[in-house]
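Observations on chain architecture
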2 protein chains.
Amino acid sequence: MRKKVGFIGLGIMGTPMVSHLLHAGYEVMVSDLNQAAVVALVEKGALAGENPASIAAWSDFIITMLPDTPDVKKVVLGEKGIIEGAHEGLYYADMSTIAPTGAIEVIDALSEKGVKCLDAPVSGGQAGAEGASLSIMVGGEQSVFDEFLPIFTVLGKTITFCGAKGSGQIVKACNQIQVAMNFVGLAEALVLGTKAGVDPAVIVKVLRGGYAQTRVMDVRGPKMIRRDFTPGFKSRFHYKDLNIIMKTALDYGVPLPVTSVVHELFAAMMAKGNGELDHSGILTVIEDLAGVKVQTKEE
Amino acid sequence: MRKKVGFIGLGIMGTPMVSHLLHAGYEVMVSDLNQAAVVALVEKGALAGENPASIAAWSDFIITMLPDTPDVKKVVLGEKGIIEGAHEGLYYADMSTIAPTGAIEVIDALSEKGVKCLDAPVSGGQAGAEGASLSIMVGGEQSVFDEFLPIFTVLGKTITFCGAKGSGQIVKACNQIQVAMNFVGLAEALVLGTKAGVDPAVIVKVLRGGYAQTRVMDVRGPKMIRRDFTPGFKSRFHYKDLNIIMKTALDYGVPLPVTSVVHELFAAMMAKGNGELDHSGILTVIEDLAGVKVQTKEE
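Residues numbered from 1 in each chain as written. Chains lettered and ligands numbered in written order. Predicted model: local features only at pLDDT ≥ 70, side-chain atom pairs only at ≥ 80, totals over all residues. Heavy atoms only, no water.

1. Concerning helix H11 (residues 235-252) of chain A
- The end-to-end C-alpha separation of H11 of chain A is 25 Å, in line with the 26 Å expected for 18 residues at 1.5 Å each.
- Once H11 of chain A finishes, glycine 253 of chain A follows within two positions and takes phi at roughly 70°, a positive value. (Helix = DSSP H or I, 4+ residues; strand = E, 2+ residues; numbered from the N terminus. Expected span 1.5 Å × (residues − 1).)

2. Some thoughts on the relation of the copies chain B and chain A
- For the pair chain B and chain A, the best superposition has an RMSD of 0.1 Å and corresponds to a rotation of 180° with a translation of 0.0 Å parallel to the axis. Taken together, the rotation and translation relating the two chain copies correspond to the operation of a two-fold axis. Across chain B, the smallest distance between a C-alpha and the rotation axis is recorded for threonine 214 of chain B, namely 2.1 Å.
- Interface overlap between copies is the fraction of interface residues in one copy that are interface residues in the other; for chain B against chain A it reaches 100%, indicating a shared surface. (Least-squares fit on C-alpha atoms with pLDDT ≥ 70 in both. Contact = heavy atoms within 4.5 Å.)

3. Some thoughts on the domain arrangement of chain A
All names here are of chain A.
- Domain annotation for chain A reports domain 1 (4-164) and domain 2 (170-290).
- On a C-alpha basis, the centres of domain 1 and domain 2 stand 29 Å from each other.
- Domain 1 puts 13 residues into the contact, and the matching count from domain 2 is 11 residues.
- When the two sides are added together, the surface that domain 1 and domain 2 hide from each other amounts to roughly 1000 Å², 67% of it contributed by carbon and sulfur.
- Where domain 1 touches domain 2, the interface holds zero salt bridges.
- Applying the counting criterion to the domain 1 and domain 2 interface returns five residue pairs in polar contact (both at pLDDT 80 or more).
- When residues of the side of domain 1 that touches domain 2 are traced back to their parent elements, those giving at least two are helix H5 (100-111) and strand S7 (122-123).
- Among the elements that take part in the side of domain 1 that touches domain 2, H5 stands out by supplying three residues, more than any other. (Domains from an automatic or database assignment. Buried area = accessible area lost by both parts, 1.4 Å probe. Salt bridge = Lys/Arg side-chain N within 4 Å of Asp/Glu carboxyl O. Polar contact = N/O pair within 3.5 Å; in protein donor to acceptor, adjacent residues only side chain to side chain.)

4. Some points on unusual backbone geometry
Residue and element names in this part refer to chain A.
- Omega for the peptide link from proline 231 to glycine 232 comes to 10°, which places this bond in the cis form.
- Here glycine 232 shows up in the loop between helix H10 (215-224) and H11.
- For lysine 80, which is not a glycine, the phi torsion comes out positive at approximately 55°.
- For lysine 80, the location among the structural elements is in the loop between helix H4 (69-77) and strand S5 (91-94).
- Positive phi outside glycine occurs at arginine 227, with the angle close to 60°.

5. A closer look at the nonpolar core
- Counting residues in each nonpolar core, the largest one holds 99 residues, and the members touching the most others are Val171, Leu190 and Leu207 of chain A together with Val171, Leu190 and Leu207 of chain B.
- Residues in contact with leucine 190 of chain B, not counting those within four places in the same chain, are Pro200, Ile203, Val204, Met224, Ile225, Leu283 and Val294 of chain B. (Core = buried A, V, L, I, M, F, W, Y, C linked by side-chain atoms within 4.5 Å. Buried < 20%, exposed > 50% of the residue type's maximum accessible area, 1.4 Å probe, protein only.)

6. Digging into the interface of chain B and chain A
- Counting residues at the interface gives 62 residues for chain B and 62 residues for chain A.
- Contact between chain B and chain A buries roughly 5100 Å² in total, counting both sides, with carbon and sulfur atoms accounting for 70%.
- Among the residues chain B hides against chain A, the three largest losses belong to Gln178, Leu192 and Tyr211 of chain B. Together they make up 16% of the total.
- Across the contact surface, chain B and chain A share zero salt bridges.
- If you look at where chain B meets chain A, you find 17 residue pairs in polar contact (both at pLDDT 80 or more).
- Residue assignment for the side of chain B that touches chain A shows that the elements contributing at least two residues are strand S8 (134-140), strand S9 (156-163), helix H8 (167-195), helix H9 (200-208), helix H10 (215-224), helix H11 (235-252), helix H12 (257-271) and helix H13 (282-290) of chain B.

7. Topic: helix H5 (residues 100-111) of chain B
Residue and element names in this part refer to chain B.
- Given a rise of 1.5 Å per residue, 12 residues ought to cover 16 Å, and the 16 Å separating the end C-alpha atoms of H5 matches this to within 8%.
- If you check which residues of H5 are buried, you get Pro100, Gly102, Ala103, Val106, Ile107 and Leu110. Taken down its axis, H5 places every buried residue within 160° of arc, on the same side.
- Buried positions along H5 lie against helix H4 (69-77), strand S5 (91-94), strand S6 (116-119), H8 and H11. (Arc of directions from axis to C-beta.)

8. As for the side chain of threonine 160 of chain A
- Mapped onto the fold, threonine 160 of chain A is located in strand S9 (residues 156-163).
- Once residues lying within four places of it in the same chain are set aside, the contact partners of threonine 160 of chain A are Ile136, Met137, Val138 and Phe145 of chain A together with Val202, Lys205 and Val206 of chain B.

9. Things to note about the pairing of S5 of chain B
Residue and element names in this part refer to chain B.
- Side chains Tyr91 and Ala93 project from S5 onto one buried face, and the interleaved Tyr92 and Asp94 project onto a second face that is buried too.
- In this view, the connection linking strand S4 (residues 61-64) to its parallel neighbour S5 by way of H4 has right-handed handedness.
- Note that S5 and S6 share four bridges and pair parallel. Looking at S6, one finds that alanine 93 is bridged to leucine 118.
- Where the polypeptide runs from S5 across H5 and back to S6, its parallel neighbour, the crossover connection is right-handed. (Right-handed = clockwise from strand over helix to strand, strands pointing away. Pairing = 2+ DSSP bridges.)

10. Comments concerning the packing of aromatic side chains
Residue and element names in this part refer to chain A.
- Per the counting criterion, the structure on display carries 12 aromatic pairs over all chains.
- Between phenylalanine 145 and phenylalanine 161 the ring centres are 5.3 Å apart and the planes differ by 55°, which places this aromatic pair in the tilted class. Note that phenylalanine 145 is positioned in helix H7 (residues 142-155) and phenylalanine 161 in strand S9, a separation of 16 residues in sequence.
- Residue phenylalanine 145 is classed as buried on the basis of its relative accessible area of 6%.
- Put simply, the rings of Phe61, Tyr91, Phe148 and Phe152 touch in pairs and so form one group of aromatic residues.
- Looking at arginine 236, its charged tip hangs above the ring of phenylalanine 237, at a distance of 4.6 Å from the centre. (Phe/Tyr/Trp six-rings, centres within 6.5 Å; stacked < 30°, edge-to-face > 60°. Lys NZ or Arg CZ within 6 Å of the ring centre and 35° of its normal.)

11. Thoughts on the pattern of salt bridges
- Applying the stated criterion across every chain yields a total of 20 salt bridges over all chains.
- Lysine 165 of chain A is the salt-bridge partner of aspartate 108 of chain A, the closest N and O atoms lying 2.5 Å from each other. Of this pair, aspartate 108 of chain A sits in helix H5 while lysine 165 of chain A is found in the loop between S9 and helix H8 (167-195), placing the two residues 57 residues apart along the sequence.
- Here glutamate 287 of chain B makes a salt bridge to arginine 227 of chain B, at a shortest N to O gap of 2.6 Å. Linking glutamate 287 of chain B in helix H13 with arginine 227 of chain B in the loop between H10 and H11, this pair joins segments that are 60 residues apart in sequence.
- By relative accessible area, glutamate 287 of chain B is classed as buried at 1%.
- Salt bridges here are not isolated pairs; linked through shared partners, they connect Lys234, Arg236 and Glu276 of chain A.

12. Some details on the environment of phenylalanine 145 of chain A
- Sequence separation between phenylalanine 145 of chain A and glutamine 178 of chain A is 33 residues, and the spatial gap between their C-alpha atoms is 26 Å.
- If sequence neighbours within four positions are ignored, phenylalanine 145 of chain A has contacts with Leu118, Val138, Phe152, Ile159, Thr160 and Phe161 of chain A.

So this is what it looks like as structure tokens:
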């Protein structure tokens, strides 16, 4: 018998993920506020769901892939939400990046209805979703993880069980702290070096070759010094993640002296209307402070 | 004819560097305030120099490898300093990590005496010095770089010409910004994750496997989560480098909003008497703020 998978949220991430599930032979019922996205997937063999409640009632597994915490809460706990179609034997994974405390709230509410739940945020962005190479960070019970694993394997490459409910979101938050820090470190290095007269291409080359190396630098460093800030991963999404991180730090009582400044710099990037740039565009904020433009002299 | 190399500064870096030069067939004359270090190298075939002036008078090439800017200024410009033994045809490289403006001051003074000068700080630490695998960042004139290259090749693996005088120090400063940032990012991630109940080994594993990866994390992450802060590179040296960075930012008029906070965190590490720990020990500062200890549950 083919497994029935409900999938809510058909953005740049959800749409290719559903395609992979269809391709792997799952029956998939989808919904999204954007009807064009639903139609596109129905043409590929998906079923159009009426609402989250009816999709949940139909599904063996149900996945949400939504922008932020309030969206997930609304789709799960709101009117005609997943909770109204909850049934014994239903498995649920929220693959959105949301606040860990929000994830736990949703999991607790569904668990009371007999639903087995996971938080399973991803990294790897649009390219990872399209290439089925996402990194998936999973919190919840090991047995639920084991049931979901065949589906995750269709969607991603590195799938890690991180611990109890909420742990997937915590690890995702940790990931986004480090990625943001790596960009800001490179930005401050490039701005200082440029104003002191060094070709930023030399800086990227030397730093990549040694202890300062980061994957961020490998992937985006050469683009940054050519002022190519096409996403990639839009800075407004990283800003959203940084808001989740600061909220989480507040929830757990953890001062984050450096991440908090990084958060403000991303806020400045938003204030300047640069939310559509790649997150490497945080360079422009540091440049503006110093009154200098980073650009390599190399061809 | 064997080339005569003067070498001043026989600490954990200078001593193995001189050994490599002797092994490569150079005649080396050394000096250091620590006579035991001089004796140890004389036993290996080095000559004991009387003072920087006399060493310079004897040398074809002269190298300094000293703790900080004032030390270099004293050895070069002070009484019986290199400048008093300066002669046409002498090549000089300062391989210490010092302020770029200090490097330029020393280079300008020696250049007036006909000495051809480079700033050539290194990264790779004690292990890099011992393994002759240092990364060497060089500022100055290309022709002087070319003359010095055979010597650098004996001492290091990655040798990069960075541009005009002072550029080597600038790139080293950029390197130390990024390395410090990578450690602080990991520290804040580990502290947040630990206080939220996630095993830090999971955090290191997931972050290393994706876009958040840094070499710092590869090398020291597994040690940090076992509370192993044996150096490596002592935090007091990274603090010294951060002081150089902040001074350089002031000299060139570059606000560094995030590095400045990182600098303060290292100052806190010094205030607690932890300057002898590896720089990864910056974790302890973030832990103290949050009242939590990061330690993996894994064996």
